[in-house]
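So the chains spell out like this:
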Amino acid sequence: MTSKQQDGQHLANSKESADLQKPSIVIVALNLLHRFLCLCVRFVVVQVHGEHGPSMAPIDDLLLLESATSIAEKIRTKKITSTQVLNTFIARIKQVNPLLNCVVDERYDDALQEAAQVDELIASDKYTVDQLRETKPFLGVPISTKDCIAVKDMLHTGGLWLRRNTRATEDADSIRLMRDAGAIPFALTNVSEVCMWWESSNPVHGRSRNPYDANRIVGGSSGGEGCLLGAAGSPFGIGSDIGGSIRMPAFFNGVFGHKPSPFIVSSFGQYPIPKGKEQMSFLGVGPMSRFACDLKPMLKILAADNAKKLNLDEPVNLSNIKYFYQESDSGSYFVSPVDYDLRVAMDKVIRHLQVSLKAKPQRAKLTKLKDSVAIWLANMKDDESVSFDAQLANLNGRINPYTELFKWIFGMSKHTFIAIMTAITDRLGIQNGTPEYYEKVKERDDLRRDFEEMLGTDGVFIYPTHPTVAPYHNEPIVRPFNFSYTAIINVLGLPATAVPLGLGKKEGLPIGLQVIANRNQDRLCLAVASELERCFGGWVAPKITA
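Given the structure is predicted, the values throughout are model-derived calculations rather than measurements.

Caption draft 1: Structural view of the layout of surface pockets. Of the volumes computed, that of the second largest pocket is approximately 460 Å³. Every residue lining the second largest pocket is counted, 17 residues in all, and those nearest its centre are Arg42, Asp339, Thr468, Arg479 and Lys506. Those elements that place two or more of their residues in the lining of the second largest pocket are helix 2 (25-49) and helix 12 (340-356). Per-element accounting of the lining of the second largest pocket gives the leading share, 5 residues, to helix 2.

Caption draft 2: Just the pairing of strand 11 (residues 459-463), in detail. Burial within strand 11 is extensive, with 5 of its 5 residues counted as buried. Covered by surrounding structure in strand 11 are Gly459, Phe461 and Tyr463 together with Val460 and Ile462, the residues of both alternating faces. Of the strand pairs in this sheet, strand 9 (residues 322-325) and strand 11 are connected by 4 bridges, and their pairing is parallel. Within strand 11, the residue paired with Phe324 across the bridge is Phe461. As paired elements, strand 11 and strand 13 (residues 510-517) share 4 bridges and run antiparallel to each other. Bridge pairing links Ile462 to Val515 in strand 13.

Caption draft 3: Focus on helix 11 (residues 295-303). Considered for burial, the residues of helix 11 that qualify are Leu295, Met298, Leu299, Ile301, Leu302 and Ala303. Once helix 11 finishes, Ala304 follows within two positions and takes phi at roughly 50°, a positive value.

Caption draft 4: Region of interest: the packing of helix 7 (residues 173-180) against helix 11. Contact pair helix 7 / helix 11: the axes reach a minimum separation of 8 Å and the direction vectors enclose 115°. As for the relative orientation of helix 7 and helix 11, their crossing is right-handed in sense. Between helix 7 and helix 11, the residues in contact are Ser174, Leu177 and Met178 and Met298, Ile301 and Leu302, respectively. For the contact of helix 7 with helix 11, a count of residues per class yields 5 nonpolar, 1 polar and no charged.

Caption draft 5: View of the pattern of salt bridges. Tallied over the entire structure, the rule returns 33 salt bridges. Measuring nitrogen to oxygen at the nearest pair gives 3.1 Å for the salt bridge that ties Arg167 to Asp105. Placement of the pair is Arg167 in the loop between strand 2 (142-146) and helix 7 and Asp105 in strand 1 (residues 103-106), with a sequence separation of 62 residues. Judged by its relative accessible area of 13%, Asp105 falls in the buried class. Here Glu531 ties to Arg534 by a salt bridge, and the two come within 2.8 Å at their closest N and O atoms. Pair noted here: Glu531 and Arg534 are both in helix 19 (residues 522-536), with a separation of 3 residues, about one helical turn.

Caption draft 6: The arrangement of empty space enclosed by the protein in detail. For the coordinates displayed, the defined rule picks out 1 cavity of 30 Å³ or more. When its volume is computed, the largest cavity comes out at roughly 40 Å³. When residues of the lining of the largest cavity are traced back to their parent elements, those giving at least two are helix 12 and strand 13. Split into classes, the residues belonging to the lining of the largest cavity amount to 5 nonpolar, 1 polar and no charged.

Caption draft 7: Region of the structure containing the nonpolar core. Of all hydrophobic cores here, the largest spans 144 residues; its most connected members are Phe138, Met178, Tyr323, Phe451 and Phe461. If sequence neighbours within four positions are ignored, Phe461 has contacts with Phe324, Tyr325, Gln326, Ala364, Leu366, Leu369, Phe451, Met454, Leu455, Gln514, Val515 and Ile516. Formed by 9 residues, the second largest nonpolar core is a distinct cluster that contains Leu160, Tyr271, Leu392 and Ala423.

Cut-offs used in this document
- Residues numbered from 1 in each chain as written.
- Predicted model: local features only at pLDDT ≥ 70, side-chain atom pairs only at ≥ 80, totals over all residues.
- Heavy atoms only, no water.
- 1 Å grid on protein atoms, 1.4 Å probe; cavity = no way out; pocket = protein on both sides within 12 Å on 5 of 7 lines; lining within 4 Å.
- Points joined across faces, edges and corners; volume = space filled by probe spheres on them.
- Helix = DSSP H or I, 4+ residues; strand = E, 2+ residues; numbered from the N terminus.
- Buried < 20%, exposed > 50% of the residue type's maximum accessible area, 1.4 Å probe, protein only.
- Pairing = 2+ DSSP bridges.
- Axes fitted to C-alpha atoms, helices over the stretch in contact; angles between N-to-C directions.
- Left-handed = near helix turned anticlockwise from the far one by under 90°.
- Contact = heavy atoms within 4.5 Å.
- Nonpolar A, V, L, I, M, F, W, Y, C, P; charged D, E, K, R; others polar.
- Salt bridge = Lys/Arg side-chain N within 4 Å of Asp/Glu carboxyl O.
- Core = buried A, V, L, I, M, F, W, Y, C linked by side-chain atoms within 4.5 Å.

Next up, the structure:
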């Protein structure tokens, strides 16, 4: 072949490659149709339910505005009692839960007995304040968690009807560790069915509602937890995250949430639990709070012996961090565009880094993020994964999703519509061992390498947590892939912190972003989260009458 022929062949191959990457007219048309459908559904929902839901009760006790860290310090220095704190938060739950439906089980009586024992211990002066601070950093502070993390004798349903009467026989490791640190479990919060959807609604406990607008979703699967924290109904909590289940609820409810690096926090006691090591690496149990200052001490406790891998006490010079950012996923099809308020918030954050920290943030061009949905869905199909129809059967055989769909039409199914449809798409999607599966695994590995090279040991990536603020109830059905902004971070094995940035001007709902670092560099995420809270205010309390 002559040089001219080779050049011609190269041009032909380049053109063919470009044509393969170019979206088809059908895809473009379907994407436009999808956006029109989303607008239609939004119009119908607003007409049926109204633009704004009922208002939540205002905060009437300033103790509700304290961080868990501050409450712990005041308890051990005898400024307040554990019993006083617990009664305050129990009263708050009783105020807000009839509207929000975020708490699904409680152990108030037992918790009050434990609080009284704490008060007696502190009054005895058996230990100094410094000893308590060191050995029991959260002594006497109430803590909540979601109904998929085991708390002994409390419900442990995962939102699954077949488990509606199941109660935990022992604590999850995360709860045990927080108890050892002095915290008192007192409330259990709502989840999505089998914890695999981003709206917390299930046949056991019903639907949770957003504290900033009851007509909006709370996210999932740690949605009830995010809701309770946003409503100032608990000082702090524990969530779990395999596709964004900590960060999306934190974002929608205006609080902080951290998904740790893989295998740092034990997942024992989480239901459902992945069967294979690959999926286990995607799952992270982590801290949630209204205040950034609670995240690091919580993570140190939850990580136990693995905390040394994170060097959480190593000082972080914010001016020396390398900052990278990207305003969107580069335009995924069937994923909503990023809201204007979120783009404005990103601009303000970047400007703050430039002016206040003299940093030089760099705009990243990670176009592979456009394929986030397909990469996550495929990588969830490792060779040891359990099918979703088996999860819905509580691992006792499998449900027939087509039969359940027929039953659902007549109100006879014990599963949510979205769970049934997820089981169907799980059967029809990319399967383990196929060429398509290995292609997406390679895409994940390539993208992971890009992130590792970009971030190193001193870089963070600032990225939207979600493309829109909290949508109305049921809207996720027509926006199913919007979870991609968080999900891709799980399969890449990176730690990430959801950071609230106040309320948006357009809809008055919480806005924020996520800060991502390289594996085991969690301290960078937490340090940047604290700085952004200092500058932008973090959680915004609802109306206060105290």
